[in-house]
Amino acid sequence: MKTTVLAIAGKPGLYKLLSRGKNNLIVEALDATHKRQPTFNSDRIIALSEIAMYTNGDDIALYKVLDSMKKLEDGKHASVNPKTATGDELREYFGKILPDFDRDRVHVSDIKKLIQWYNILVDNDMTDFVDEENAEEETADTTEEADPGDSKPEAKAEEDAPKAKAGSKPARK
């Protein structure tokens, strides 16, 4: 995916970053409306690339989980409907995607949200999950080599990207 995909707390769905202003971001909804709207500093905005899922070992980046889901579903919509499936069905389905997920910290609501986000990304043909992650890692490595003593970009990124909801958290750097 070549665009930045964002989640905004309190608003359903996913958003694509279009441009940055002085005190806001212009985003477009990734749904049938494709409505454009500004978001402000008071909105809790987080990029999907900054979210990780809890496991019994190291946390797994959300894009790796989405890629596993894509392989399981063969690039199509999820075979489980998050609105009608029971909690046990959702946990069983998610166990096929991420067998090592932490069953205490990953809630059913987190699994539902993940499935909904996956379906939105499939609808918008934004399914190059691992390619984007690799590109971001290469960019981060290049930035660190260029100026290893400058920690201001990281601090700014943390301010712009608030913590994610329970069951997922910002990826470690």
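Everything discussed here concerns the structure shown above.
What you see is a predicted model, and the numbers here were worked out from it, not measured in a lab.

**Thoughts on the overall build of the protein chain**
Counting its regular elements, the protein chain contains five helices and eight strands. In the protein chain, the succession of helices and strands from N to C terminus is β-β-β-β-β-β-β-α-α-α-α-α-β. Relative to its full complement of 173 residues, the protein chain shows a buried share of 38%. Counting only contacts in the protein chain whose residues sit at least 6 apart along the sequence, the fraction spanning at least 24 positions is 60%.

**Notes on the environment of Phe 40**
Turning to its location among the elements, Phe 40 is positioned in strand E4 (residues 36-40). The sequence separation of Phe 40 and Gly 21 amounts to 19 residues, and the corresponding C-alpha distance is 9.5 Å. Ignoring anything within four residues of it in the chain, the contact list for Phe 40 reads Asn 23, Asn 24 and Ile 45.

**A closer look at the nonpolar core**
Judged by nonpolar contacts, the single largest core of 34 residues is most densely connected at Leu 14, Leu 48, Phe 94 and Leu 121. Mapped onto this core, the elements with two or more residues apiece are strand E1 (5-8), strand E6 (51-53), helix H1 (62-73), helix H2 (87-97) and helix H3 (108-123). In terms of residue count, H3 provides more of this core than any other element does, eight residues in total. Formed by nine residues, the second largest nonpolar core is a distinct cluster that contains Leu 17, Leu 25, Val 27 and Ala 29.

**Digging into the pairing of E4**
Residues Gln 37 and Thr 39 point to one face of E4 and are all buried, whereas Arg 36, Pro 38 and Phe 40, pointing to the other face, are not buried. Examined bridge by bridge, strand E3 (residues 24-29) and E4 share five bridges and lie antiparallel to one another. Bridge assignment links Glu 28 to a residue of E4, and that residue is Arg 36. Taking the residues that link successive antiparallel strands as the turn, the E3-E4 hairpin has six residues, and the phi of His 34 there is positive, at about 50°.

**Comments concerning the packing of aromatic side chains**
Per the counting criterion, the structure on display carries three aromatic pairs. Ring centres of Tyr 63 and Phe 129 lie 6.2 Å apart, and the angle between their planes is 35°; on these two criteria the pair is classed as tilted. Taken together, the positions of Tyr 63 in helix H1 and Phe 129 in helix H4 (residues 129-146) put the pair 66 residues apart, joining distant regions of the chain. Residue Tyr 63 is classed as buried on the basis of its relative accessible area of 2%. Summarising the aromatic geometry, the rings of Tyr 118 and Phe 129 are spaced 6.5 Å apart at their centres and angled 45° between planes, so their arrangement reads as tilted. On the criterion of sequence distance, the pair formed by Tyr 118 in helix H3 and Phe 129 in helix H4 is long-range, its members being eleven residues apart. Of the two residues examined, Tyr 118 and Phe 129, each falls in the buried class. In this structure an aromatic cluster arises from ring pairing among Tyr 63, Tyr 118 and Phe 129.

**Observations regarding the side chain of Glu 28**
By the element assignment, Glu 28 lies in strand E3. In terms of polar contacts, Glu 28 uses its side chain to reach the side chain of Arg 36, at 3.5 Å. Setting aside anything within four residues of it in sequence, one finds Glu 28 in contact with Leu 14, Tyr 15, Lys 16, Leu 18, His 34, Lys 35 and Arg 36.

**Description of H3**
If you check H3, its first and last C-alpha atoms are 23 Å apart, about what 16 residues at 1.5 Å a residue would give, namely 22 Å. Here H3 has its buried residues at Asp 110, Ile 111, Leu 114, Ile 115, Trp 117, Tyr 118, Asn 119, Ile 120, Leu 121 and Val 122. Of the residues one or two after H3, Asp 125 is the one with positive phi, at around 55°.

**Brief notes about the side chain of Thr 55**
Mapping Thr 55 onto the fold places it in the loop between E6 and strand E7 (60-61). The exposure class assigned to Thr 55 is buried, which follows from its relative accessible area of 3%. At a separation of 3.3 Å, a polar atom in the side chain of Thr 55 contacts the main-chain amide nitrogen of Gly 57. Here the side chain of Thr 55 touches Asp 58 through a polar contact of 2.3 Å, landing on its backbone oxygen.

The rules we used
- Residues numbered from 1 in each chain as written.
- Predicted model: local features only at pLDDT ≥ 70, side-chain atom pairs only at ≥ 80, totals over all residues.
- Heavy atoms only, no water.
- Helix = DSSP H or I, 4+ residues; strand = E, 2+ residues; numbered from the N terminus.
- Buried < 20%, exposed > 50% of the residue type's maximum accessible area, 1.4 Å probe, protein only.
- Contact = heavy atoms within 4.5 Å.
- Core = buried A, V, L, I, M, F, W, Y, C linked by side-chain atoms within 4.5 Å.
- Pairing = 2+ DSSP bridges.
- Phe/Tyr/Trp six-rings, centres within 6.5 Å; stacked < 30°, edge-to-face > 60°.
- Polar contact = N/O pair within 3.5 Å; in protein donor to acceptor, adjacent residues only side chain to side chain.
- Expected span 1.5 Å × (residues − 1).

These figures capture arrangement, not role.
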